[in-house]
Amino acid sequence: MNGFVLWVFAIGPALLAEALLARYEVLAYGAGWRAPTTQLPEGMPYARGAAPDSPPRAYLVYLDGIGKRRVRDSRDGGQLVKALLARAPELRVLGQVQPYSPLADPLAERPVWAWLRRRIQLLLFLHNVMQIFVAADQRYRPLYNRAVGGQISTQLTLAGYRPDSGVPVVLLSYSGGAQVAGGAVDELHNRLRSPLLLITLGGFHNGANDLTGAEHLHQLGSASDRIARVGTWIFPQRWRLFRWSAWNRARRAGKITLHRLDPATHVGPRSYISTTARLPDGRSHLDRTADTVIAIIRARDGASPAMERSSS
């Protein structure tokens, strides 16, 4: 009973407040009240890895999960980015995009949220969770997609990307970042006219975004990932019954490929990005995830590795 009372009088109002506040940014963007931020903190590069003067093999934009609260990498996201940079120096990697802010405004750097972080950290996660559902809501999705797609395009340009260069852009997304990655496809295709490759890691998304402008979408998933599996249950566009949803059209067109990373979990000590969980071959889960991402990117220009077609 005490737990129920806590939920009703504490968590319940917090969720209601977040549901209302989460819409403010996308509406402010649509109304032109505020322009998205483009500047990074002093001394922070727009990209790491390969230099822009000789075209890199690909530009990789990492869209983190709901733990993304600042321009700099989150703990787990930073480990993955470092692993990719160490293994694939031919990539130019961007990790500063704010997938849960249409105005590119880092949550942790807002004065009110900095105060709340010291007292009620749960609200920081609720904010980003609510942004995922705003991005999935058909009423706000076009605006949200345009805002974050524009943010990614701007950051790529500042990092040295040249439209019509033919250099691939890879959107690597974790968890709820997959909702944003799919939504950014049209805007990136229109602005940069670049080859687009999507890689989702434990992707949580509604399957409503049109993937026509993407070359392919690679799903990295696991049977032990309960959070990603929830997305296939709660969003009808992911159900096979809805044959003409964007997701199912892409699946029938052969544009979606599943890569099994069993027995990884979504979060925790056995997550996809765990440095301690070990596979029979001695690699950590992080090692395998980084190796798989790099193999997919490198295989684009060569022979494709054996892959299993998606069934979800």
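Structure first, text after, so check above.
Presented here is an overview of the structure given in this document.

**What about the overall build of the protein?**
- A count of helical and extended segments in the protein gives nine helices and eight strands.
- Each of the 312 residues in the protein was classed as buried or not, and the buried ones make up 54%.
- Looking at the protein alone, contacts between residues at least 24 apart form 77% of all its contacts between residues at least 6 apart.
- Approximately 14,200 Å² of the protein is accessible, and the part contributed by carbon and sulfur atoms is 58%.

**Focus on the packing of helix 5 (residues 141–158) against helix 6 (residues 177–192)**
- As a packed pair, helix 5 and helix 6 sit with axes 7 Å apart at the nearest point and diverge in direction by 60°. Remark: the crossing between helix 5 and helix 6 carries right-handed chirality. Each of R141, Y144, N145, R146, V148, G149, G150, I152, S153, T154, L156 and T157 in helix 5 lies in contact with helix 6, whose residues at this interface are Q179, V180, G183, A184, E187, L188, R191 and L192.
- A class-by-class count of the residues in the contact of helix 5 with helix 6 yields eight nonpolar, eight polar and four charged.

**Examining the environment of T289**
- Mapping T289 onto the fold places it in helix 9 (residues 285–299).
- When residues no more than four places from it in sequence are discounted, the contact partners of T289 are L80, L201, L220, L261 and Y272.

**A few points about the environment of V81**
- Mapped onto the elements of the fold, V81 is located in helix 2 (residues 75–87).
- By relative accessible area, V81 is classed as buried at 1%.
- With 33 residues separating them in the primary sequence, V81 and R48 have C-alpha atoms 9.5 Å apart.

**Quick word on the pattern of salt bridges**
- Enumeration over the complete set of coordinates arrives at 10 salt bridges.
- Its salt-bridge partner being R298, residue E90 comes within 2.7 Å of it at the nearest N-O pair. Here R298 lies in helix 9 and E90 lies in the loop between helix 2 and strand 3 (91–94), a separation of 208 residues in the sequence.
- Exposure remark for R298: the relative accessible area of 35% places this residue in the partly exposed category.
- Put simply, R283 and D291 hold a salt bridge, and the shortest N to O gap is 3.0 Å.
- On the basis of relative accessibility, which here comes to 28%, the residue R283 falls in the partly exposed class.
- One network of salt bridges, in which partners are shared, links R87, D281, R283, D287 and D291.

**Digging into the nonpolar core**
- In terms of nonpolar packing, the biggest core is built from 37 residues, with V61, Y144, I152, L156, L171 and L188 touching the most fellow members.
- Looking at this core, the elements with two or more residues in it are strand 2 (58–63), helix 4 (122–136), helix 5, strand 4 (169–174), helix 6, strand 5 (196–201) and helix 8 (246–252).
- The contact partners of I152, leaving out residues within four places of it in the chain, are V61, L63, V97, L171, A184 and L188.
- By size, the runner-up hydrophobic cluster in this structure holds 27 residues, among which are A58, V81, I273 and V293.

**A few points about the side chain of S173**
- Inspection of the secondary structure assignment puts S173 in strand 4.
- A residue is classified by how much of its surface remains accessible, and S173, at 0% relative accessible area, is buried.
- Beyond its immediate chain neighbours, meaning those up to four positions away, S173 contacts L63, A178, A181, I199, T200 and L201.

**What to know about helix 9**
- Look at helix 9: 21 Å from first C-alpha to last across 15 residues, which is about the 21 Å you get at 1.5 Å a residue.
- Across the 15 residues that make up helix 9, a large majority, 12, are buried.
- Listing the buried residues of helix 9 in full gives H285, L286, D287, R288, T289, A290, T292, V293, I294, I296, I297 and A299.

Reading guide: rules and limits
- Residues numbered from 1 in each chain as written.
- Predicted model: local features only at pLDDT ≥ 70, side-chain atom pairs only at ≥ 80, totals over all residues.
- Heavy atoms only, no water.
- Helix = DSSP H or I, 4+ residues; strand = E, 2+ residues; numbered from the N terminus.
- Buried < 20%, exposed > 50% of the residue type's maximum accessible area, 1.4 Å probe, protein only.
- Contact = heavy atoms within 4.5 Å.
- Areas by Shrake-Rupley, 256 points an atom, 1.4 Å probe, with all protein chains shown as cover.
- Axes fitted to C-alpha atoms, helices over the stretch in contact; angles between N-to-C directions.
- Left-handed = near helix turned anticlockwise from the far one by under 90°.
- Nonpolar A, V, L, I, M, F, W, Y, C, P; charged D, E, K, R; others polar.
- Salt bridge = Lys/Arg side-chain N within 4 Å of Asp/Glu carboxyl O.
- Core = buried A, V, L, I, M, F, W, Y, C linked by side-chain atoms within 4.5 Å.
- Expected span 1.5 Å × (residues − 1).

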